[in-house]
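Chain residues, written in single-letter form:
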Amino acid sequence: MSIQPFIYEELLAEYSEPQGAIALLKQFRPYLEMIPSMRRPFESVISVPLPIVRIRSAATAVAERIQVNPGEAVRLPCEIGMLMCDPEWKIKTGVEIFVFIHRPEEDFSDLLGRWRQTQVWLNREYEWILPPRHQHVLSEGAEQTLPLFVVFHETPMRVKRGLKGASLPFVEQAVFTSTLPEAAESPDEEFGFSSPLDEAEY
C-alpha cells in the first residue's frame, strides 16, 4: 500500500506547529536533549515549514540544474527546518535539525538525495529567512546540521533499510485513525499518529 498524499500533508501541517515539532523530537531522544530549555520548550524550538535560506556565495544544484548567485534565496528540499533558540537571549544556537517526510511514491535515492542536496546548500555561508514573528532572532549558519527522517508503515522496506545502512536516524509514524480522506477533512475527527521509539537505533 502506498502512502496517501493527504497523510503526508497532515504530518507537514502537524510539524509546522511548535507542539508537533517537539512531539516529533520526543520520539528521538538524542535530538530532544538538544533543546536549550525543557522548561520553556515552545520558546526554544522554531519550526519552519518548507524553509528558505539566503546563500551568500554562488552555488549550483546539479540534479535540478539550478544556479544560485550570491545573495539569492533557495528553498531547501526538506519539509521542516528546526532551529534551537536560547529563550532568554533570543539567539539561535549552533544546532539545526532538518526533517524529511517520506513523500508518496518517493524511493530511497530520491529521499536520500534531498538530504544530500540540503548538505550541499548548507556547506556554504547562508542565513535563514524567518517568519515575521521570529525575525528578531539572530539567524546565522549552524555548527551542526542534522537530519531526521519520518517514514510510515507503508514505506517500502528498502527505504528503511537504506536509511539504516546510511546511519541516518528515522522514526516511523503509524496512523491509528481512519485513513479515508473525508475523515481527515472532517471537523469532528482529528488525525492521530503513533511512533515506536525503538525504530531509530542510533
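Residues numbered from 1 in each chain as written. Predicted model: local features only at pLDDT ≥ 70, side-chain atom pairs only at ≥ 80, totals over all residues. Heavy atoms only, no water.

Chemist: Would you mind showing me how to read the confidence of the model for the protein chain here?
Modeler: Segments scoring low in pLDDT should not have their predicted coordinates read at a detailed level. Of the residues in the protein chain, 76% reach a pLDDT of 70 or more, and the chain-wide mean stands at 81. The secondary structure element of the protein chain with the lowest average pLDDT is strand E11 (residues 193–194), at 44, and the one with the highest is helix H6 (residues 157–165), at 97. Predicted confidence for residues 177–202 stays below pLDDT 50, and this span has 54 contacts to residues more than four positions away or in other chains. (pLDDT = per-residue confidence, 0-100. Helix = DSSP H or I, 4+ residues; strand = E, 2+ residues; numbered from the N terminus. Contact = heavy atoms within 4.5 Å.)

Chemist: Any chance you could explain the side chain of Thr118 here in plain terms?
Modeler: Here Thr118 lies in helix H5 (residues 108–122). The exposure class of Thr118 is buried, given its relative accessible area of 0%. Of the polar contacts made by the side chain of Thr118, one reaches the backbone oxygen of Arg114; its length is 2.8 Å. Contacts of Thr118, omitting those with residues within four sequence positions, involve Pro77, Phe98 and Phe100. (Buried < 20%, exposed > 50% of the residue type's maximum accessible area, 1.4 Å probe, protein only. Polar contact = N/O pair within 3.5 Å; in protein donor to acceptor, adjacent residues only side chain to side chain.)

Chemist: Looking at this model, I keep getting lost on the pattern of salt bridges. Mind explaining?
Modeler: One pass over the full model with this rule turns up 9 salt bridges. When the shortest N-O distance is used, the salt bridge between Arg54 and Glu127 registers 4.0 Å. With Arg54 in strand E2 (residues 52–55) and Glu127 in strand E8 (residues 126–129), the pair connects residues that are 73 residues apart, well separated along the chain. Relative accessible area serves as the criterion here: at 31%, Arg54 is assigned to the partly exposed category. (Salt bridge = Lys/Arg side-chain N within 4 Å of Asp/Glu carboxyl O.)

Chemist: Where do I start with the packing of aromatic side chains in this structure?
Modeler: The geometry of an aromatic ring pair comes down to the distance between the two centres and the angle between the two planes. Per the counting criterion, the structure on display carries 4 aromatic pairs. Pairing Phe100 with Trp115 gives two aromatic rings, centres 5.9 Å apart and planes at 75°, and the pair type is edge-to-face. Residue Phe100 is found in strand E7 (residues 91–101), and its partner Trp115 is found in helix H5; the two are separated by 15 residues along the sequence. Given the relative accessible area of 0%, Phe100 is considered buried. Look at Phe100 and Phe149: their rings are 5.2 Å apart centre to centre, the planes differ by 20°, and that puts the pair in the stacked class. Taken together, the positions of Phe100 in strand E7 and Phe149 in strand E9 (residues 144–152) put the pair 49 residues apart, joining distant regions of the chain. Taken together, the ring pairs in this structure connect Phe100, Trp115 and Phe149 into an aromatic cluster. (Phe/Tyr/Trp six-rings, centres within 6.5 Å; stacked < 30°, edge-to-face > 60°.)

Chemist: Explain the pairing of strand E6 (residues 80–86) to me, please; I cannot follow it from the model alone.
Modeler: Burial within E6 is extensive, with 6 of its 7 residues counted as buried. The pairing of strand E1 (residues 45–49) with E6 spans 5 bridges and is classified as antiparallel. By the bridge assignment, Ser47 is partnered in E6 with Met82. Strand direction decides the pairing type here: E6 and E7, joined by 6 bridges, are antiparallel. Looking across to E7, one finds that Leu83 is bridged to Glu96. (Pairing = 2+ DSSP bridges.)

Chemist: When you look at H6 in this model, what are you seeing that I'm missing?
Modeler: Along H6, the residues classified as buried are Val159, Lys160, Gly162 and Leu163. Mapping the buried residues of H6 onto a view down its axis gives an arc of 160°, with all of them on the same face. In H6, the exposed residues that point more than 90 degrees away from the buried face are Met157, Arg161 and Gly165. Backbone geometry just after H6 places Ser167 at a positive phi near 55°. (Arc of directions from axis to C-beta.)

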